[in-house]
Amino acid sequence: MKVNRRIYICSPLVDKLSIIYNVPLLDAHNRTIRDLRISLTDRCNFRCFYCLPNGEPPLARKDTILTFEEIAYISEIFVSLGIQKIRLTGGEPLLRKDVPVMVAQLARLKPRLTDLALTTNGFDFTRKAGSLKDAGLDRVTLSLDSLKADRFHEITGVDALDKVLTAIESAKSFGFDPVKINAVIVRGCNDDEIVDFARFARENDVKMRFIEFMPLDSGHDWQRSSVVSGNEIYEAIHSQFPLKLKNSSRESETAWKYEFSDGGKGEIGIIAPVTEMFCGACSRIRLTADGQIRTCLFSTNEHNLRDFVRSGASREEIVEFIQGVVIKKEPRHHINDPKFVQPARTMSFIGG
Ligand code: SAM
Ligand code: SF4
């Protein structure tokens, strides 16, 4: 094995950089980075009020967006550095043309890449499910914030509940396993549906993920009082359908996972980044559609990998660039600090 071709150990006072080749990506807080989220586009056909209520600002010029070839090249380098999971997201990733082609290029990175997943609002999923599966997509997560048609329309700006429910059925029938469903729970909006979602998980044998509302909305309407805590979500479900914890430690996962004590089908996951920070075990890094590396959802700065790659940098230099960025990953987010500043770019740009 080729290791330590060049090692720079700089004084921690000067720059905490330790650049080592062909070893997993490690940050300065001893966290190994295994999970890369790639935003394929910052555009979206939905207008979820907690994400992108007013649509995108004027579109970035097309040539600022990474091409599939660039994404494949960068991903291959990331995988050589120990990334095991890639999730394609956005914006709405399926708005990008020929996503199965991108999936097929990334699937070539298996078996070092162990998990290739997609998060989608489901609007256009049914039409593409077969070609995504054939291209090598392993898993899909669909977003569903209400089981009531009118409310779904109000939340997303689009009258598409039936389409998303059909997409969930398609995901199951094309053999995606598991099928996960994300619901962002917001007080006074859909918190009265928590138990209905749990019932939906049981009846449809899917993994329901309840997510706390985070301050990443482009409308800047987030308020602490709108956050329904993970604990409240747990209590609401547990009182109707007793739950049994599946993972006693989350390790680098974001969710506490539960099964139903009565042996019912489906799974419940609770993701509580606001009330129960899990930064200490974070293994994630993000690449925006325009090629910026973000080391945290709440980063206030980004690292321009796109221009570095386009400048003709060698593979070795790109490896050094990535390692140099990862080592500086923030120890934690600051949502709960009085001086918290919401990042300039919002969830749809960062890639949730
Ligand atoms: N458009 C796709 C979708 O909606 O599934 C993928 C991108 S979306 C940004 C990814 C996930 O982020 C979705 O499940 C969405 O519900 C979640 N999300 C968006 N804004 C959020 C916020 N402010 N707080 C918590 N989750 C959010
Ligand atoms: Fe679009 Fe997904 Fe954001 Fe909704 S959550 S506006 S579907 S990117």
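The structure reproduced in this document is the subject of the present report. In this text the structure is predicted, and so the values were computed from the model without any measurement.

To continue, consider the site of ligand 2. For ligand 2, the full set of nearby residues is Cys44, Phe46, Cys48, Tyr50, Cys51, Leu52, Gly91 and Asn121. Here the shell around ligand 2 is composed, by residue class, of six nonpolar, two polar and no charged.

Between lysine 110 and proline 111 the backbone carries a cis peptide bond, its omega angle lying at 10°. Tracing the sequence through the fold places proline 111 in the loop between helix H2 (99–107) and strand S7 (115–120). In this structure, the amide linkage connecting aspartate 177 to the following residue, proline 178, adopts the cis form with an omega of 0°. Within the fold, proline 178 resides in the loop between helix H5 (161–173) and strand S9 (179–185). Phi at aspartate 205 takes a positive value of approximately 55°, unusual for a residue other than glycine.

The next subject is the sheet that holds strand S16 (residues 303–304). The twelve strands lie next to each other as S11-S12-S13-S10-S9-S8-S7-S6-S5-S14-S15-S16, forming an open sheet whose pairing is mixed. The sheet is open, and its two edges are formed by strand S11 (243–245) and S16, each paired on a single side. Pairing between strand S8 (residues 139–143) and S9: four bridges, direction parallel. Within S9, the residue paired with threonine 141 across the bridge is lysine 180.

A word on the pairing of S8. With four of five residues buried, S8 is to be regarded as a mostly interior element. Across four bridges, S7 lies against S8 in parallel orientation. Looking across to S8, one finds that threonine 119 is bridged to threonine 141. One crossover worth recording links S7 to the parallel S8 by way of helix H3 (residues 125–135), and it is right-handed.

What follows covers the environment of glycine 90. Considering the arrangement of structural elements, one finds glycine 90 in strand S6 (residues 85–90). Classification of glycine 90 by relative accessible area gives buried; the value is 7%. Considering only alpha carbons, one finds glycine 90 and valine 158, 68 residues apart in sequence, at a separation of 18 Å. Setting aside its immediate chain neighbours within four residues, glycine 90 contacts Ser39, Thr41, Met347, Ser348, Gly351 and Gly352.

So, on to the side chain of lysine 329. Mapped onto the fold, lysine 329 is located in the loop between helix H9 (315–326) and helix H10 (347–350). Every residue in contact with lysine 329, bar those within four places of it in the chain, is listed here: Asp27, His29, Arg31, Ile33, Cys282, Arg284 and Thr295.

Thresholds applied
Residues numbered from 1 in each chain as written. Chains lettered and ligands numbered in written order. Predicted model: local features only at pLDDT ≥ 70, side-chain atom pairs only at ≥ 80, totals over all residues. Heavy atoms only, no water. Near = heavy atom within 4 Å. Nonpolar A, V, L, I, M, F, W, Y, C, P; charged D, E, K, R; others polar. Helix = DSSP H or I, 4+ residues; strand = E, 2+ residues; numbered from the N terminus. Pairing = 2+ DSSP bridges. Buried < 20%, exposed > 50% of the residue type's maximum accessible area, 1.4 Å probe, protein only. Right-handed = clockwise from strand over helix to strand, strands pointing away. Contact = heavy atoms within 4.5 Å.

So, to be careful, I would describe these as geometric facts and stop short of saying anything about function.
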